[in-house]
Amino acid sequence: MLTRDFVGGVASIAIGAVYLFFAYQLRTSALDDSMGPGGLPRVYGWLLIGLGAILTIQAIVSRRMAVAGATTDEKGEWDGQGRKLLFAAGLLAIGVGYIFLVETLGYLISVAVLLLVTALYLGAGNKGRVLSVAVLGAIFLWVMFVIVLGVRMPSGLLASLSL
Amino acid sequence: MHKLYFVSAAAAAVLAGGLAVAQAQEYPVDTVTLVTHSSPGGGSDVFLRELSRYLSPYLGANVIVENISGGSGAKAMAQLAQAPADGSIFYATTPTFIYTSLLSEPEYKYTDLEPLVNFFIDPEVIYTSAKSEFKTLEDVIQYARDGRGQWGAANPASLERQALEQLKAASGVNAAVVTHEGGGDMMINVLNGTLQIGVGEVQEIQSQIEAGELRLLATFSDQRLDAFPDLPTVKESGYDVVVRKFRGLAGPKGLPDDVVAAWEAATQKVLADPKYKEAYEGANLRAEFMPHVDYVTFIETFGTETADFLKKTGVIE
Amino acid sequence: METLTHTAAFLFDWHVILAALIGVTWGIMGGALPGISPSITMALLLPFTYTLDPTSAIVLLASTYIGAEYGGSVPAILIRTPGTNAAAATVIDGYEMNRQGKAGLALGISLYSGVIGSLFGLAMLMTLSGPLAKVALAFTPMAYFALGILGLSVIATLSGENLVKGLIAAILGLIIATIGSDPVTGGTRFTFGSAELLGGIEPVMIMVGLFAMSELLVQASKREQDERVTSRPRIQFPDWPLAKRLIPAQIIGNGIGTFEGVMPGAGGTIASFMSYNEARRWSRHPEEFGKGSPEGIAAPETANNTVAETALVPLLSFGIPGSNSTAILLGGFLIHGIVPGPMLFQKSGEVVYGLYAGLFTAAIGQLLIGMAMLPVCIWLVNRPRPYLNAFIFALILSGIYSIHNEAFDLGIMIAAGMLGFFMRMLRFPFLPTVLGLVLGYLVESNFRRSLVLSGDDWMIFVDDRISLGLLILAFLFIGGSIAKRIYDLVRHRPTSTFSESAES
């Protein structure tokens, strides 16, 4: 069975390998020092692969030892993780949706929608309250960022109303 | 307390300016936005804000400043290139916009903009610690010839770096050019003797020069500076390197002639304004007005030369 | 003494008082909004300073800086989101105390530690500017490299029970720090042609992602309403025995903060992490760290407020801004035709004395305004979870957007949130990632700069005495903590190393 450390180790090796691939493609130029732009990234990449390998081996060894001692602890290690991932992915999708909406819908509307959808997604029950929180919250954030701090948030649809 | 005076005098000038707007000739739009990629308080930002205080009456329009940071100017260039060419929006140009265009290949480059006019050339000078043994540029070059020089440039892939690499080539010495994260970092390394020389704008080191902690060795400008008439140029010292760190404006492509004409007239007038003159000369900026036609050629040449340098050294393809 | 009498004269100048109070209030507000960094908060005020007299303008900006450095701790404690980079270390124990229903106390500790930090830093600034400036001047690239290594040595103790995982996490941070422009050639690295990545990734985006976004994801993944201890909406200052216990942590924060503040480029984040680590090392209750230790708040918060004051040393003495925030302050000086540097005291002494007086007023103002604002903030985070989390989500998406007005940055933050979520699932600590991220550039640029200086002679790090000293110190730290791990392993003792709360 895959332990967390095993997965972590393999993931590190994978990230390190991808990073190294790009690190070796960095351009060299006459303005370079002896290390060059790729010097340290290569060191980091190899270190990551090395440490990932150590972690993987650690995981395998400790699992062997655990099997000898016949513990059943890890059985439950991944129970319910799939469902958890799914729920987290839902929130992530809301965030990504916001990124795409904000430039077209404008800040005020998008942030109200974001508040509404997120609160509902996270299990807010009272529909009337959700709606009022979304509207008031959006107005509060808009006043804070756009009016008080003068941040140039996307105005989108409301551009014609100069909001 | 005379500083207070200065501010109230400036405020009075703005008020007087407000009155003058009514009489000035009609500029095509009411409000002109000057965009900079530098964050508030940065070099270009201070330049624009100072300029906007004096420019309005001469131009006949309100002048406001906007900071569009991000991507070292890439974002500002993109915005400008897509803006209407009606004279309502301009971008403060410094060599940075050319370096960014060349180094990061953004969607919109400096070639997608039309240079308008130039205002200033910031003199770049070579300086050393007052405690060091170097009295002239030749001493420094000789030191590098005998052993190994260590010279400082404020930023990687910057005009200063390019100037020092050219100086190295012209003098045939092998010095290490150490890049930093800004002029301040480098100044500390010059003051503590880690570097023999640094290159920077007079403005940045003014206070140290007055306090006698730094000594100027040469200027990269084409002529001697009014503020330091005894300071030789690098060219006079026998190395043919001239650096022109320009400060001007550029707009979207296809600027109408009346807009260009209005700016050419207003720029010359504002540069001659005694109060503004006092302010910019105090900040060691050298007025160097370039009309539209010259500025377009200037930027083109500058861009080609920089691209050649970056290609020759292998930084870009 | 002369400084004191000159400064005292300004303490009753209502211009100065008003500027200080407005500045500190504005600063706390900006600092408390995640993504709005101290420098952005200050920059937003810059246009207004044109119309002010120079002293008020400088006081306004400097007080904003003080307030913002403090304000960052409020969301760190309340919603696990560091409002500023330097508040990242405060998240660990601050949020833990909040979860135990002690938010009022946690905020009280951070507030009064911040005030102590400000006052101590101000005293250093007023009395020891000269000697401190000499220290800053003695720091060569080699010394900065060694300072960065010393900072990285903290990873050895922040790694939790598995050092290998801690190191992997740290390298992830170092890798993120390599994205952007190369520090020596200026060429691009790992930007894949994107102009947004040219200037590198702002640490705060990654921090907000790792801490806050991952927390939101974890809470979304659990779904069920979890039992939650709510805090009374009252700010609470520690009683005497606790206050006494915090004194060593605050002294550590003061010391490290003074030192790091003076170094241009070192900054508050490193100071707070190092103070956190040292406070833990010297604490009588090291086992409480990571589980809601009051010292774990006092040390970093004292340190980052001390930094905000002593960071003015290189600015005033050399005209060198050591951080974005002090760069804006430099802009404020230049706007009024004042050039900071060696001639500042002779040419514009009155501005400096006004600044001192303003900073003192700001420190006191910070206490009063904090006490008035914080109960409201606690009340806000006591709202039902779904609403609170939705609001936090909206807040961080707004805050991160304001950094560059780029939707692209939101993507980076969310990606960092995913990274944090998986790291927590696989039980990787992410404090080392934050540390690697913050120190990566400092270490790499100064390392390579030193080798350029020496012509690739590595002995330069040994020849430079400051560098040698700091490197020895770093190796002692690393060696010590590894020795302790081995000792614990051999004796079969559960390692007393700490890790931030792991989440399944």
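Residues numbered from 1 in each chain as written. Chains lettered and ligands numbered in written order. Predicted model: local features only at pLDDT ≥ 70, side-chain atom pairs only at ≥ 80, totals over all residues.

Participant: Looking at this structure, I do not really get the confidence of the model for chain C. What am I missing?
Facilitator: Low pLDDT marks stretches whose predicted atomic positions should not be read closely. All names here are of chain C. Looking at chain C, the pLDDT average stands at 87 and 95% of residues meet or exceed 70. Here residues 499–504 scores under 50 on pLDDT; set against residues more than four positions off or in separate chains, the count is 13 contacts. Here the predicted complex scores 0.85 on pTM and 0.91 on ipTM. (pLDDT = per-residue confidence, 0-100. Contact = placed C-beta atoms within 7 Å.)

Participant: Would you mind going over the environment of proline 131 of chain C with me for this structure?
Facilitator: Mapped onto the elements, proline 131 of chain C comes out in helix H7 (residues 103–137). A tally of 11 C-beta atoms within 10 Å means that proline 131 of chain C is categorised as exposed. (Helix = DSSP H or I, 4+ residues; strand = E, 2+ residues; numbered from the N terminus. Buried ≥ 20, exposed ≤ 12 C-beta atoms within 10 Å, placed from the backbone.)

Participant: How should I be thinking about the sheet that holds strand S2 (residues 62–67) of chain B in this particular structure?
Facilitator: Strand pairing within a sheet occurs via backbone hydrogen bonds; the two strands may be parallel or antiparallel. All names here are of chain B. Sheet architecture is open: 6 strands sit in the order S2-S1-S3-S10-S4-S11, paired in mixed fashion. The sheet terminates laterally at S2 and strand S11 (286–290), the two strands that pair on one side only. Averaged over all neighbouring strand pairs, the angle between strand axes comes to 25 degrees, with direction disregarded. Here 3 bridges tie strand S4 (residues 113–122) to S11, and the two strands are oriented antiparallel to one another. Within S11, the residue paired with isoleucine 121 across the bridge is arginine 286. With respect to the sheet, helix H2 (residues 43–59) is in contact with strand S1 (31–36), S2, strand S3 (89–93) and strand S10 (245–252), its orientation differing from that of S2 by roughly 165 degrees. (Pairing = 2+ DSSP bridges. Axes fitted to C-alpha atoms, helices over the stretch in contact; angles between N-to-C directions.)

Participant: Any chance you could explain the environment of isoleucine 49 of chain A here in plain terms?
Facilitator: Locating isoleucine 49 of chain A in the fold gives a position in helix H2 (residues 39–68). Setting aside residues up to four positions removed in sequence, isoleucine 49 of chain A forms contacts with Ile13, Gly16 and Ala17 of chain A.

Participant: Any chance you could explain the interface of chain C and chain A here in plain terms?
Facilitator: How big an interface is tends to be stated in terms of the accessible area lost upon association of its parts. Between chain C and chain A, the residue contacts involve 50 residues of the former and 56 residues of the latter. Going through the elements one at a time, helix H10 (163–177), helix H11 (203–222), helix H18 (385–404), helix H19 (407–425) and helix H20 (431–454) of chain C are the ones with two or more residues in the side of chain C that touches chain A. No other element matches H18 of chain C, which puts 13 residues into the side of chain C that touches chain A. Its residues placed into classes, the side of chain C that touches chain A shows 32 nonpolar, 9 polar and 9 charged. (Nonpolar A, V, L, I, M, F, W, Y, C, P; charged D, E, K, R; others polar.)

Participant: Explain helix H12 (residues 240–262) of chain C here, please?
Facilitator: For H12 of chain C, which comprises 23 residues, the first-to-last C-alpha distance of 32 Å matches the rise-based estimate of 33 Å (1.5 Å per residue) to within 8%. Maximum bend of H12 of chain C: about 35 degrees, positioned at isoleucine 247 of chain C, with proline proline 248 of chain C one to four residues after it. (Expected span 1.5 Å × (residues − 1). Bend = angle between axes of the 7 residues up to and from the residue.)

Participant: Sorry, what's going on with the sheet that holds strand S6 (residues 149–153) of chain B here?
Facilitator: Residue and element names in this part refer to chain B. Spatial strand order, S7-S6-S8-S5-S9: 5 strands in an open sheet with mixed pairing. Two strands bound the open sheet, and with one partner strand each, they are strand S7 (175–179) and strand S9 (214–219). Between one strand axis and the next, the sheet turns through 30 degrees on average, direction left out of account. Here strand S5 (residues 124–129) pairs with strand S8 (residues 197–201) via 4 bridges, running antiparallel. From the neighbouring strand, glutamate 124 faces S8, where its bridge partner is glutamate 201.

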